[in-house]
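Below are the chains, spelled out letter by letter.
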Amino acid sequence: MIHDTPVQTPTRPLASLRSQRWFAAAGMRAFAHRQRMQQMGLRREDVMGKPIVAIVNTWSDFSPCHAHLRERAEAVKKGVLMAGGTPFELPALSLGEVMVKPTTMLYRNLLAMEVEELLRSHPVDGVVLLAGCDKTTPGTVMGALSMGLPTLFCSAGPMLNDRHVKAGVTRSIGAGTHTRMFWDEHQAGRINDAEWVQLEAKMTRSPGTCNTMGTASTMTALVEALGLALPGSTSIPAMDAAHVRMATGCGERIVQMVLADLTPARLLTRGSFLNAAAVHMALGGSTNAVVHLIAMARRAGIELALDDLDDVGRRVPVLANLFPSGDRLMEDFYYAGGLPALMSRLTDRLSLDELTVTGRTLRDNLASAEVLDPEVIRPLDRPVSASALAVLHGNLAPAGAVMKPSAADPRFLRHRGPALVFDSQPEMLAALADADLVCDENTVLVLRNAGPVGAPGMPEWGNLPIPKKLLQRGVRDMVRLSDARMSGTHYGACVLHIAPESAVGGPLALVKTGDLIELDVAARRLHLCVDDNELAARRAAWVAPPRRYERGFTRLYQDHVTQAHEGCDFDFLQGTAATPEPDIY
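Here is what the cut-offs are and how they apply
- Residues numbered from 1 in each chain as written.
- Predicted model: local features only at pLDDT ≥ 70, side-chain atom pairs only at ≥ 80, totals over all residues.
- Heavy atoms only, no water.
- Helix = DSSP H or I, 4+ residues; strand = E, 2+ residues; numbered from the N terminus.
- Buried < 20%, exposed > 50% of the residue type's maximum accessible area, 1.4 Å probe, protein only.
- Contact = heavy atoms within 4.5 Å.
- Areas by Shrake-Rupley, 256 points an atom, 1.4 Å probe, with all protein chains shown as cover.
- Lys, Arg positive; Asp, Glu negative; His and termini not counted.
- Charge placed at Lys NZ, Arg CZ, Asp CG, Glu CD.
- Salt bridge = Lys/Arg side-chain N within 4 Å of Asp/Glu carboxyl O.
- Axes fitted to C-alpha atoms, helices over the stretch in contact; angles between N-to-C directions.
- Parallel < 35°, antiparallel > 145°, perpendicular 65-115°, else oblique.
- Nonpolar A, V, L, I, M, F, W, Y, C, P; charged D, E, K, R; others polar.
- Core = buried A, V, L, I, M, F, W, Y, C linked by side-chain atoms within 4.5 Å.
- Left-handed = near helix turned anticlockwise from the far one by under 90°.
- Phe/Tyr/Trp six-rings, centres within 6.5 Å; stacked < 30°, edge-to-face > 60°.
- Lys NZ or Arg CZ within 6 Å of the ring centre and 35° of its normal.

## Observations regarding the overall build of the protein chain
At step 1: Regarding its fold elements, the protein chain presents 21 helices and 14 strands.
At step 2: Per-residue burial over the protein chain gives 60% buried out of 585 residues.
At step 3: Across the protein chain, every contact between residues at least 6 apart in sequence was considered, and the portion connecting residues at least 24 apart equals 76%.
At step 4: On the protein chain, roughly 22100 Å² of surface is accessible, and the fraction owed to carbon and sulfur atoms is 53%.
At step 5: One way to put it: in the protein chain the 59 positive side-chain charges average out to a point 3 Å from where the 63 negative ones average out.

Here you go:
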């Protein structure tokens, strides 16, 4: 579908291009700008009266998911040149999910700020965003939305599938999902040290993002559902030749978008965000998408709340049979028809008249979409699971919490058990490895001080490990609560994003070991079984934990980050208030 000829829209006067403020004037400063471009071997006519396209590239040597983006940037440049534009590549924070500590979420807003200011401070008319690994997608999109130039997202694409063959049995292996699964088996003594080392060397066998329906694949798909990426583009495996062709197509299309002044403000509506929410549910997508989707909506000036997402989650079942909710991988999803095929299953639940980067409506884009494998993309009457998201409320989560029912053991969707509380990740890890820890499968594990302010950065600590002694007994799931996030590749009965977080005085700060906690997913209820008088006494005695950061970006982050239900953006970056264009002297 990405090779269809886009709609040709009216062409704006070249003299009106933003870049011409730098290059078209007769004075000394414009002379110097043109002079310096020619210093790099460009011709005067390359920057005079041509669309200037920024290629924001999140490549780095520390980001294996983006290892191929240098080459893809060249393909985008080729497309820009073919369409009559001039490309300029701008490096941005890479945020490789595995290597950046304490968490990439701490730096998502910094990437958004960087992208916005890169675009504002340079003579560019439109932008192609090269991203894909978890926070790079929302970070680059948030920055581009705030800048408001014509924007086209070019996804890094998922890595290739892997297979694990043991004793004649072949299993599909997904990045992240099976890392946790195999680690639990290793802890339980069912995988020896030699096999563990062998798995390390083969489970991620190519560049590209995680090949499960983790945060990366979820977020790139949601950006496509919003209408900011070419139809079908986000499902293409990173190492497929079609991915190179797609990148070239992005370069061609962005020039046409610049000439048509097709900006995000013309594309994004509440309807397009609810489309993205429906796609999130049908994919069985990462819970992290809740935070990012709300943050992007607020950058676009669109009202979107947790309860809106819960409403969509009740109406749209999981159709994508992908890990961790199903048993297939992203390469299978691509061969089954990719995202357009999935969305074709949902046409009666989508706002089909939303405009997209093709210049066509979503209805037009989906007209030829077809599901090629109904085992990978299920019909509505045979879903993988009834629900991918539940938003919980109660005295433990006044502003809300989220859970992914499709990735949990169903017997824990209604549960009552005693709390076992940890105030830090190191304390928790040490305790859960202790063979004498007092707990059983009915215990509710609680981790606090792991939210946006408390951790800081709201790391992916929410998939609390099963205590080692219970792993050895065969236990593989328990109810777990935190104000943290969880990797989209992970699974379990984990209640996440509890808001307000404990570090700012949320009720999670008042829980004591032994308190009974009730979870009822069907009723959307999370309740601490402690009477109001006792909670009031505990609140009166509560003291906020000291902050460790007195300077630098992390201090800025803690002072200005919003809570999980608000998108964890900086309070001064939300909304659509105009920022003046730079003065040129």
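After presenting the structure, the write-up continues.
## Brief notes about the pattern of salt bridges
At step 1: With the rule as written, the count across this model stands at 39 salt bridges.
At step 2: For the salt bridge of E45 with R43, the shortest nitrogen-to-oxygen distance reads 3.7 Å.
At step 3: Measuring nitrogen to oxygen at the nearest pair gives 3.9 Å for the salt bridge that ties D46 to K50.
At step 4: According to the relative accessible area criterion, K50 is partly exposed, its value standing at 23%.

## A word on the packing of helix α12 (residues 270-283) against helix α13 (residues 288-299)
At step 1: Between α12 and α13, the least distance of the axes is 11 Å, while the angle of their chain directions is 170°. The pairing of α12 with α13 is recorded here as roughly antiparallel in orientation. Of the residues in α13, those touching α12 at F273, A276, A277 and H280 are A289, V290, L293, M296 and A297.
At step 2: A class-by-class count of the residues in the contact of α12 with α13 yields eight nonpolar, one polar and no charged.

## With respect to the nonpolar core
If you look at soluble globular proteins, the nonpolar side chains tend to sit buried side by side.
At step 1: Ranked by internal contacts, the top residues of the largest apolar core, which has 107 residues, are F333 and L342.
At step 2: Those residues in contact with F333, other than ones at most four positions away along the chain, are S235, L283, A320, L322, G338, L339, L342, V376 and I377.
At step 3: Core analysis: the second largest hydrophobic core is formed by 27 residues, M403, L508, V511 and L535 among them.

## What about unusual backbone geometry?
At step 1: That bond from K101 to P102 is cis: its omega, 5°, falls within 30 degrees of zero.
At step 2: Positionally, P102 belongs in the loop between β2 (86-91) and α5 (105-121).
At step 3: Each neighbour pair has its own omega, and for A499 with P500 the value is -5°, a cis peptide bond.
At step 4: We note that A167 has phi near 55°; this positive angle belongs to a residue other than glycine.
At step 5: With respect to the helices and strands, the residue A167 is situated in the loop between β5 (162-166) and β6 (169-173).
At step 6: Phi angles above zero are rare outside glycine, and M458 is one such case at about 55°.
At step 7: Structurally, the position occupied by M458 is in the loop between β10 (444-447) and α19 (468-471).
At step 8: Judged by relative accessible area, M458 falls into the buried class, the value being 0%.

## A short note on the environment of A336
At step 1: Turning to its location among the elements, A336 is positioned in the loop between α15 (330-335) and α16 (338-344).
At step 2: Residue classification places A336 among the buried positions, given a relative accessible area of 0%.
At step 3: Remark: the alpha-carbon pair of A336 and W542, spanning 206 residues in sequence, is separated by 54 Å.
At step 4: Once residues lying within four places of it in the same chain are set aside, the contact partners of A336 are A341, E370, V371, L372, D373, V376 and I377.

## So, the packing of helix α4 (residues 69-82) against helix α10 (residues 241-260)
At step 1: The geometry of α4 relative to α10 is characterised by a closest axis approach of 7 Å and an angle of 40° between their N-to-C directions. Classed by the angle they form, the pair α4 and α10 counts as oblique. Considering how the two elements wind past one another, α4 and α10 form a crossing that is right-handed. Residues R72, A75, V76, K78, G79, V80 and M82 of α4 lie in contact with α10, whose contacting residues are H243, V244, A247, T248, G251, E252, I254 and V255.
At step 2: A class-by-class count of the residues in the contact of α4 with α10 yields eight nonpolar, four polar and three charged.

## Side note on the packing of aromatic side chains
At step 1: Summed over the entire model, instances satisfying the criterion amount to seven aromatic pairs.
At step 2: Geometrically, the ring pair formed by F553 and Y557 is tilted, given 6.3 Å between the ring centres and 55° between the ring planes. With F553 and Y557 both in helix α21 (residues 552-560), this residue pair falls four residues apart, about one helical turn. As far as burial versus exposure is concerned, F553 and Y557 are alike and both buried.
At step 3: Centre to centre, the rings of Y557 and F570 are 5.6 Å apart; their planes meet at 75°, and the pair counts as edge-to-face. Placement of Y557 in helix α21 and of F570 in the segment after α21 is noted, with a sequence separation of 13 residues between them.
At step 4: Y557 gets classed as buried once you look at its relative accessible area, which sits at 0%.
At step 5: Residue F570 is classed as buried on the basis of its relative accessible area, which comes to 0%.
At step 6: Through a chain of ring-to-ring contacts, the aromatic side chains of Y107, F553, Y557, F570 and F572 assemble into a single cluster.
At step 7: Of note, R21 hangs over the ring of W22, and the distance from its end group to the ring centre comes to 5.7 Å.
At step 8: When the ring centre of W59 is taken as reference, the NZ or CZ atom of R70 above it lies at 3.8 Å.

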